[in-house]
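Analysis of the macromolecular model
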Amino acid sequence: MREKQGPIRVAIVGVGVMGRDHLRNARAIEAETPGVLEVVGLADVDLARAQALAAHPDHPERAPLPTFTTPAALFAATHPDVAIIATPHPLHEDGALAAAAAGIHVLCEKPIAHTPASADRIVQACRDAGDLLGMDFNQRLTPGYVKALEMIAHGEIGRIYRDRKSTRLNSS
């Protein structure tokens, strides 16, 4: 494991729904615990979408984040410690392999890839580079999921053939 001095430098690849969530959460960490984490740039195939999120809403005096259309360009220009891969899952491999090639740790949205072969290539590239690879299982501790798992474990629910998730967001 490499020694790290200073904030963890994070690059976000893909700024659709999940990428925006990661950016919002990273900015909250930056604000609440200064010096721990720093978002260094964004990449998205839709450059205008990345540019729209690049400004620092709470710090208008700060320069906007640099934006790119490819993960490789983002990594070469910003030298992050960690890449968050939040693209549609058929595109996870491109971002993860570019990160591994650059010696960057990877946090990937689930599923890791769209095929088992693609997943194997991602795992092997990170392993070969000595980089950490993490999967974002962001719902594991959500109370509804925890309760459902408890009910299943205690036999309160019969055999499950299919599930369907519905999330209601509080707009207040």
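Here, the structure is the one placed above.
Attention here is on the structure that accompanies the text. Owing to the predicted nature of the structure, the values given are computational and were not obtained by experimental measurement. (Residues numbered from 1 in each chain as written. Predicted model: local features only at pLDDT ≥ 70, side-chain atom pairs only at ≥ 80, totals over all residues. Heavy atoms only, no water.)

**Concerning the pairing of strand β5 (residues 105–109)**
The condition is simple: Each residue is assigned to one of three classes by its accessible area relative to the maximum for its type, calculated with a 1.4 Å probe on protein chains only: buried under 20%, partly exposed between the two thresholds, exposed over 50%. Runs of H or I in DSSP of at least four residues are treated as helices and runs of E of at least two as strands, each being numbered from the N terminus. Paired strands, as defined in this entry, are two strands with at least two bridges between them according to DSSP. A crossover gets the label right-handed when its path from the first strand over the helix to the second runs clockwise, viewed with the strands pointing away from the viewer.
Where burial is concerned, most of β5 is hidden: 4 out of the 5 residues are buried. When strand β4 (residues 82–85) meets β5, the two strands line up parallel, connected through 4 bridges. When the bridges of β5 are listed, I84 appears paired with L107. The parallel pair β4 and β5, bridged by helix α4 (residues 92–101), forms a crossover whose chirality is right-handed. Where β5 meets strand β6 (residues 133–136), 4 bridges bridge the pair, whose relative direction is parallel. Bridge pairing in β6 links L107 to G134. Read as a crossover between parallel neighbours, the route from β5 over helix α5 (residues 116–129) to β6 is right-handed.

**A look at the nonpolar core**
As a rule of thumb, soluble globular proteins bury nonpolar side chains together. How we decide: Put simply, buried Ala, Val, Leu, Ile, Met, Phe, Trp, Tyr and Cys residues joined by side-chain atoms within 4.5 Å make one nonpolar core. Working rule for contacts: check all heavy atoms of both residues, and any pair within 4.5 Å makes them a contact.
Among the nonpolar cores identified, the biggest contains 21 residues, and L74, F75, A83, I85, A99 and V106 are the most heavily contacted of them. Secondary structure elements with two or more residues in this core: β1 (8–13), β2 (37–43), α3 (71–78), β4, α4, β5 and α5. Looking at which element gives the most residues to this core, the answer is α5, with 4 residues. For I85, the contacting residues outside a window of four places in its chain are V13, H92, G95, A96, V106, L107, C108 and E109. One finds V10, A50, A54 and I84 within the second-largest nonpolar core, a separate group that totals 12 residues.

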